[in-house]
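Inside the fold
Listed below, chain by chain, are the residues.
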Amino acid sequence: MAILDCSAAWKAIESYQPKKLAELFEADKERVSKLSRNVASIHFDWSKTHLDDDIIGELGVLAYEVDYSGARDCLFAGEIVNETENRPATHVAERGEGKAEDNRLAAERHQRMRSLIDAIEGGAFGDIESILHIGIGGSALGPDLVIDALGRDSDRFEVRILSNIDGEAFDEATWGLDPASTLVVGVSKTFTTTETLVNLDTAIEWLREAGVADPYGQVIAVTASPDKAVAYGIDETRILPFGEGVGGRYSLWSEVGFSIAAALGWGAFEELLEGAAEMDRHVKLTDGVSNVALLAAFADLVNTQTRKSQSRAVFAYDERLRLLPDYLQQLEMESNGKSVTQEGKPVGRPTAPVTWGGVGTDAQHAVFQLLHQGTVPVPVEFIAVVENEDSVDPRHHQLLLSNCFAQGAALMAGREADDAARSYPGDRPSATILLQRLDPRSLGALIAFYEHRTFANATLLGINPFDQFGVELGKEIAKSLDDPEGREKLDRSTRDLIERAGL
């Protein structure tokens, strides 16, 4: 897709001087309703950001000139949107909202996955009590987030997620598991990922050493390259293929979500998909800033382009969402951490900020000092859930929510004091996402929102959010260390470290 010359729109955006938040609220009594959206039982409040009618107008011009609506329609139509790899991005089809043929293929593959889960539940693999899910990046972060958020009370299977190649991670993931009753799920799109295959080799040996007669018979492979899984030694009846157009960080909706469906049950997995599809329909059918993903992206550009924010902090005020910041780090930074446009030209402006965060209220006693009084203002995003499901006094949840809302108010309002050390500058932007309750449907919608927001940001910046070549160079160098000639090409510092480590 050719990117038009949007220099005039960018000049207006980059030179814009936003008013203070207190002034924006004072000038517009309807500000909260204007900058809040309700989609899929989730309330999105962007009123404490520096968006106003003027900058929204300028950003609207940019969205028109880059043809955000056309790019969005291409995504849903299954057309080529990943131009550097010449393929579509078909994750929306996993939710039934893509190209008809892609939807059909996704549904067939889901049915294959469901049949395999039925077979496991029916005893075809023996008495399975636990699942060791092996993958890395998008092959692990999504399942880990969803299972940790929704599977705490599940009595179906105990699922352990193994991603790091560190042997300590393997020991921790397998500690206390009975190999005879453990199903190993190896997830790799290409089935060439070094960390995953090394961990999978070790897991098979772990099964063999424990006396499992047919260790490969207790392995499920999830991949877009089923021929490589067959060559590895896994029977094709135990291979779950998914589409080449499903990128790793967008893949939990596909067969990569096998462990999710096994841990939570097929009904919960379908609810997760439907929640995401509801957000898809909102984004697909809603134009302008009524589209919550585009509204959020507009606020992101105000922060990065106008206010020059280099990071964005995300805090989940719900322990069940503790892994959300980790998930978003990959989704946003791997997608939009780019320096060239779709046409291969320098972007010439900031792209993705550094995404980081934690869990409230823990983070308040760790990093909020910098957020309130540090010299570099950081936009903050709060995620909270209205209804609690814990077993303790409701006062716990009331205090949790009170702290969440109070932090946003304090960041905006600030407070002057005669003692400079006790003075808060205020005017620090935040957004709040409020789920009514945390269930598969709402979590699916929330994750899909972040996907569409990431895509909207990429489109406005003219970059490709679906490739990730930046992760390759370090891997290539690591593989070359066994070659003496490869080592000689390295810098003196790296060679010295290799020698000290005895590699």
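Residues numbered from 1 in each chain as written. Predicted model: local features only at pLDDT ≥ 70, side-chain atom pairs only at ≥ 80, totals over all residues. Heavy atoms only, no water.

Brief notes about the overall build of the protein chain
Here is the rule we go by: Secondary structure counts use DSSP, requiring at least four H or I residues in a row for a helix and at least two E residues in a row for a strand, with both numbered from the N terminus. Atoms counted for the radius of gyration: C-alpha only. Globule rule: 2.2 Å times residue count to the power 0.38. Note on classification: 1.4 Å probe, protein chains only; a residue is buried when its accessible area is under 20% of the maximum for its type, exposed when over 50%, partly exposed between these limits. Two residues qualify as a contact provided that any one of their heavy atoms is within 4.5 Å of a heavy atom in the partner residue. Charge counting follows a simple rule: Lys and Arg are positive, Asp and Glu are negative, and His as well as the terminal groups are ignored. Charge placement uses NZ in Lys and CZ in Arg. For Asp and Glu, CG and CD serve respectively.
Counting its regular elements, the protein chain contains 20 helices and eleven strands. For the protein chain, the C-alpha radius of gyration of 24 Å lies close to 23 Å, the compact-globule estimate for 503 residues. Across the 503 residues that make up the protein chain, the buried fraction comes to 53%. Contacts in the protein chain between residues far apart in sequence, at least 24 positions, make up 74% of those at least 6 positions apart. With 48 positive and 81 negative side-chain charges, the protein chain shows a separation of 4 Å between the mean positions of the two kinds.

As for the sheet that holds strand β8 (residues 311–317)
As a reminder of what qualifies: Criterion used throughout: strands pair if DSSP finds at least two bridges between them. Between the N-to-C directions of two axes lies an angle of 0 to 180 degrees, each axis being a line fitted to C-alpha atoms and, for a helix, fitted only over the stretch in contact.
With respect to topology, six strands assemble into an open sheet ordered β1-β2-β11-β10-β8-β9, the strand pairing being mixed. Whereas interior strands pair on both sides, the edge strands pair on one side only; in this sheet they are β1 (36–39) and β9 (354–359). Each adjacent strand pair in this sheet contributes to an overall mean axis angle of 15 degrees, direction not counted. Note that β1 and strand β2 (residues 42–45) share four bridges and pair antiparallel. Paired with Ser36 across the two strands is Asp45, which belongs to β2.

Points about helix α14 (residues 324–336)
Structurally, the α-helix is built with 3.6 residues per turn, so residues lying three or four positions apart point the same way. Here is the rule we go by: Each helix should span, by expectation, one fewer than its residue count multiplied by 1.5 Å.
Between its terminal C-alpha atoms α14 stretches 18 Å, which fits the 18 Å expected from 13 residues at 1.5 Å a residue. Tucked inside the fold, the buried residues of α14 contact α7 (141–150), β8, β9, β10 (380–385) and α17 (440–461).

Some points on the sheet that holds strand β7 (residues 239–241)
Taken together, the five strands give an open sheet; going across it, the order is β4-β3-β5-β6-β7, and neighbouring strands pair in parallel fashion. Either end of the sheet is taken by a strand with one partner, and the two such strands are β4 (158–162) and β7. Each neighbouring strand pair of the sheet contributes to a mean axis angle of 20 degrees, computed without reference to strand direction. Both strand β6 (residues 219–223) and β7 contribute to a ladder of three bridges, which runs parallel. Within β7, the position partnered with Val222 by the bridge is Leu240.

Description of the environment of Trp10
Assignment of secondary structure puts Trp10 in helix α1 (residues 7–14). Once the C-alpha coordinates of Trp10 and Glu58 are considered, the two residues, 48 residues apart in sequence, prove to be 8.4 Å apart.

With respect to the packing of helix α6 (residues 100–121) against helix α12 (residues 266–285)
Here is the rule we go by: Note that the term roughly parallel is reserved for angles under 35 degrees, roughly antiparallel for angles over 145, roughly perpendicular for angles of 65 to 115, and oblique for everything else. By definition, any crossing whose near helix is turned counterclockwise from its far helix by less than a right angle is left-handed, and any crossing with a clockwise turn is right-handed. In the scheme used here, Gly and all other residues not listed as nonpolar or charged are polar, with Ala, Val, Leu, Ile, Met, Phe, Trp, Tyr, Cys and Pro taken as nonpolar and Asp, Glu, Lys and Arg as charged.
Where α6 contacts α12, the axes come no closer than 11 Å and their chain directions differ by 155 degrees. Accordingly, the angle class assigned to the pair α6 and α12 is roughly antiparallel. α6 and α12 meet at a crossing whose hand is right-handed. Counted together, His110, Met113, Arg114 and Ile117 of α6 and Trp266, Phe269, Glu270 and Leu273 of α12 form the full contact between these two elements. Broken down by class, the residue content of the contact of α6 with α12 amounts to five nonpolar, one polar and two charged.

Things to note about the packing of aromatic side chains
Put simply, the rule reads: The pairing test for Phe, Tyr and Trp rings, Trp by its six-membered ring, is centres within 6.5 Å, and the orientation test on the planes gives stacked under 30 degrees, edge-to-face over 60, and tilted for anything in between. Only when the NZ of Lys or the CZ of Arg is both within 6 Å of the ring centre and within 35 degrees of the ring normal is a charge said to sit over the ring.
Across all of its chains, the model carries twelve aromatic pairs by this definition. The interplanar angle of 50 degrees and the centroid separation of 5.3 Å between the aromatic rings of Trp266 and Phe269 together place this pair among those described as tilted. Separated by three residues within a single helix, Trp266 and Phe269 lie in helix α12, roughly one turn from each other. Residue Phe269 is classed as buried on the basis of its relative accessible area, which comes to 0%. The ring of Trp253 has Arg95 lying over it, and the distance from NZ or CZ to the ring centre is 4.7 Å.

Describing the pairing of β9
By the bridge criterion, six bridges tie β8 to β9 in an arrangement that is parallel. Note on β9: the bridge partner recorded for Ala313 is Trp356.

Observations regarding α12
With 20 residues, α12 extends 28 Å between its outermost C-alpha atoms, agreeing within 8% with the 28 Å of an ideal straight helix rising 1.5 Å per residue. Of the residues making up α12, those classed as buried are Trp266, Ala268, Phe269, Leu272, Leu273, Gly275, Ala276, Ala277, Met279, Asp280, His282 and Val283.

Examining the environment of Ile147
Structurally, Ile147 can be placed in helix α7. What makes Ile147 buried here is its relative accessible area of 12%. Between the alpha carbons of Ile147 and Gly344 there is a distance of 38 Å; along the sequence they are 197 residues apart.

Considering unusual backbone geometry
Trans is the common state for peptide bonds, and a negative phi is the common state for residues other than glycine. The residue after Gly360, namely Thr361, is reached through a cis peptide bond having omega 10 degrees. Take Thr361: it is sitting in the loop between β9 and α15 (368–373). Despite not being glycine, Asp67 has its phi angle at roughly 60 degrees, a positive value. Within the secondary structure, Asp67 sits in the loop between α4 (53–65) and α5 (68–77). Residue Lys308 is not a glycine yet carries a positive backbone phi of 60 degrees.

Focus: the nonpolar core
So the rule is basically this: For the purposes of this section, nonpolar cores are sets of buried Ala, Val, Leu, Ile, Met, Phe, Trp, Tyr and Cys residues that join through side-chain atoms within 4.5 Å.
Among the nonpolar cores identified, the biggest contains 105 residues, and Leu51 and Ile433 are the most heavily contacted of them. It is α17 that provides the largest number of residues to this core, a total of twelve residues. The next biggest cluster of nonpolar side chains, apart from the first, holds 21 residues, and it includes Ile134, Leu162, Leu177 and Leu197.

A closer look at a negative patch on the surface
Rule in force here: Candidates for patches are residues over 30% relative accessible area with no salt bridge; among them, like charges are joined within 9 Å and nonpolar side chains (Val, Leu, Ile, Met, Phe, Trp, Tyr) within 5 Å. For the area figures, the Shrake-Rupley method with a 1.4 Å probe applies, and any residue is considered shielded solely by the protein chains shown. The salt bridge criterion pairs a side-chain nitrogen of Lys or Arg with a carboxyl oxygen of Asp or Glu, the two atoms within 4 Å.
There is a patch of like negative charges on the surface, built from Asp166, Glu168, Asp171 and Glu172. Position of Asp166 relative to the elements: it lies in the loop between β4 and α8 (167–174).

Topic: the side chain of Glu332
Mapped onto the elements, Glu332 comes out in helix α14. Beyond its immediate chain neighbours, meaning those up to four positions away, Glu332 contacts Arg312, Gly337, Ala352, Thr355, Tyr450 and Thr454.

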